[in-house]
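# What the coordinates show
Here are the chains, one letter per residue:
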Amino acid sequence: MRYFLTILILCLSIQAFAQYQELDKQLSTAVKAWDLGEPAQAYQILTEVIRSRPYFAEPYFLRAQVLQGMGQAAAALTDLNILLELNSHHAGGLFFRGKVRNNLGQFVLAKKDLEQLLNMSRVETSTIIYQRIGHQVSNSKPISEELVLAQLGIADIGLGEFQSALGYLNRALRIKPGTCEYLLQRGKAHELMGEWLKAESDYRQALASDPYHEEANQALAGLIDATGRHQEAAYFFDQAINANPDFILPFQQRGYQLFLEQDWIAALSDFQKVLDLAPEDTEAWYMTALIYSNIDQPHEALRCFGKALQLNPQHGQALVGIGNIQLQLQRYEEALAAYAMAIFHHPHFKEAYYKRGLTQYQLGNIRQYCNDMIKAAELGLDAALEAWEGDCG
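Residues numbered from 1 in each chain as written. Predicted model: local features only at pLDDT ≥ 70, side-chain atom pairs only at ≥ 80, totals over all residues. Heavy atoms only, no water.

## Focus: unusual backbone geometry
Even without being glycine, Gln 262 reaches a positive phi, approximately 60 degrees. Take Gln 262: it is sitting in the loop between helix 13 (248-260) and helix 14 (264-277). The phi angle at Asp 296 is positive, at roughly 60 degrees, despite the residue not being glycine. Tracing the backbone shows Asp 296 in the loop between helix 15 (282-294) and helix 16 (298-311). (Helix = DSSP H or I, 4+ residues; strand = E, 2+ residues; numbered from the N terminus.)

Quick look at the structure:
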């Protein structure tokens, strides 16, 4: 009997070892697919593993990273929740869930995960050793303390707790001085506190560490631009764009800057690039329409305002923009309809009352003109008050 039990245990051990070998092979294949730029294949392999072995934690961790890399943060969070139900002390899972929650704006929950990880007396490592996916930390290695501290700083920035954020980020920088990402986040905290000189110093230190970091270039450009140093800002906007031509934010910010400088053609080029990268960017359609309005292309302006309204039917500024173009084209009834719709969605939109009043004046409807002017004046538009006093008072 004892011999039989020994043989049985040996057989079960061999079977379990074979299962782990097969699982390790499948996970390695998924990692290889990801490294080759084939996330869909990696996702499919991991999904098949999870379907056959739903109680193994590691495939959920890997698939969460693949999903995050594919831009599916909510789905990644679902996998991480399952992972941590299976192993509540999975260090990589806690760290990655905290990071995903930060990305999703769930800062309170992110802090809960990260503080739990920071306070853990030991880190359980994975039975299966695998590579890193997408530069995320695998559970095969302990989580570096400064990574957790930096994510706690990011969570506190999101919560508006800037002093606490600075504390975490300073601790991270003491452990790993000169780290671009930590300096960038500390700069953001300083900027939000109104400490612009400190913020600029942090951004410049971040760029000294990584001159081609697109977000650091963009952050410094935005800060410099806000202080009126537009030409210097333009250099860093260009650097951000050169670092990553598919990074939308520098095109947006440089486009706004060029718009304010009335460099219409250059601004139009930047917003068209935004639309190439993000065709459903409502504000880019709106800004493009404004630019066409300023270069005397009213029909293109109407088309772009219309695109903005398709994406957001309650976009008050786009409705007023359409009204302005129709007024310019002397299509008074169409202008009235656009202004009326803007007022319907935004009853305190003083510019819409004012422009509707001007349209009524063109039609000879003086009573309606005066009513709109007094309403716009009550909402605080000085030009409307002057018009009412001159024509109606």
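More follows now that the structure is in view.
## What about the pattern of salt bridges?
Evaluated as defined, the whole model comprises 17 salt bridges. As a salt-bridge pair, Asp 113 and Arg 97 come within 2.8 Å of each other at their nearest N and O atoms. Of the two residues, Asp 113 is situated in helix 6 (residues 107-119) and Arg 97 in helix 5 (residues 91-103); the sequence distance between them amounts to 16 residues. Just as Asp 113 is buried, Arg 97 falls in that class too. With a shortest N-O distance of 2.3 Å, Asp 238 and Arg 254 are connected by a salt bridge. Here Asp 238, found in helix 12 (residues 230-243), pairs with Arg 254, found in helix 13; they are 16 residues apart in sequence, far enough to count as distant. Three or more residues are tied together by salt bridges with common partners; here these are Lys 111, Glu 115, Asp 156 and Glu 161. (Salt bridge = Lys/Arg side-chain N within 4 Å of Asp/Glu carboxyl O. Buried < 20%, exposed > 50% of the residue type's maximum accessible area, 1.4 Å probe, protein only.)

## Focus on the packing of aromatic side chains
Using the criterion set out here, one finds six aromatic pairs in the structure. Consider the rings of Tyr 256 and Phe 271, whose centres lie 5.3 Å apart with planes at 75 degrees: the pair is edge-to-face. Of this pair, Tyr 256 sits in helix 13 while Phe 271 sits in helix 14; the two residues are 15 residues apart in sequence, bridging distant segments of the chain. Taking the relative accessible area as the measure of exposure, Tyr 256 reaches 34% and is therefore partly exposed. Residue classification places Phe 271 among the buried residues on the basis of a relative accessible area of 1%. (Phe/Tyr/Trp six-rings, centres within 6.5 Å; stacked < 30°, edge-to-face > 60°.)

## Re the nonpolar core
The tendency in soluble globular proteins is for nonpolar side chains to be buried side by side. In terms of nonpolar packing, the biggest core is built from 48 residues, with Phe 259, Tyr 286, Ile 291, Phe 305 and Ala 384 touching the most fellow members. In contact with Tyr 286, not counting residues within four places along its chain, are Phe 305, Ala 308, His 315, Gln 317 and Ala 318. (Core = buried A, V, L, I, M, F, W, Y, C linked by side-chain atoms within 4.5 Å. Contact = heavy atoms within 4.5 Å.)

## Concerning helix 20 (residues 366-378)
Relative to the 18 Å expected for 13 residues at 1.5 Å per residue, helix 20 spans 18 Å between its end C-alpha atoms, a close match to the ideal helical length. Among the residues making up helix 20, those that are buried are Tyr 369, Cys 370, Asp 372, Met 373, Ala 376 and Ala 377. The buried side chains of helix 20 occupy one side of the element, clustering within an arc of 165 degrees when seen end-on. Of the residues in helix 20, the exposed ones pointing more than 90 degrees away from the buried face are Arg 367 and Glu 378. If you follow the buried residues of helix 20, they end up packed against helix 19 (350-362) and helix 21 (382-391). With its phi angle positive at about 105 degrees, Gly 380 sits one or two positions after the end of helix 20. (Expected span 1.5 Å × (residues − 1). Arc of directions from axis to C-beta.)

## Here we look at the state of the cysteines
Applying the stated rule across the entire model yields one disulfide. Here Cys 370 is linked by a disulfide to Cys 392, with a sulfur-sulfur distance of 1.9 Å. Across the S-S bond of Cys 370 and Cys 392 the torsion is about -85 degrees, and the bridge reads as left-handed. Here Cys 392 lies in the segment after helix 21 and Cys 370 lies in helix 20, a separation of 22 residues in the sequence. (Disulfide = S-S within 2.5 Å.)

## Some details on the environment of Leu 319
Of note, Leu 319 is situated in helix 17 (residues 316-328). Spatially, the C-alpha atom of Leu 319 lies 9.2 Å from that of Ala 337, the residues being 18 residues apart in sequence. Beyond its immediate stretch of four places on either side in the chain, Leu 319 contacts Leu 309, Pro 313, Ala 338, Met 341, Ala 342 and His 345.

Everything listed is a geometric property; what it means functionally is a separate question.
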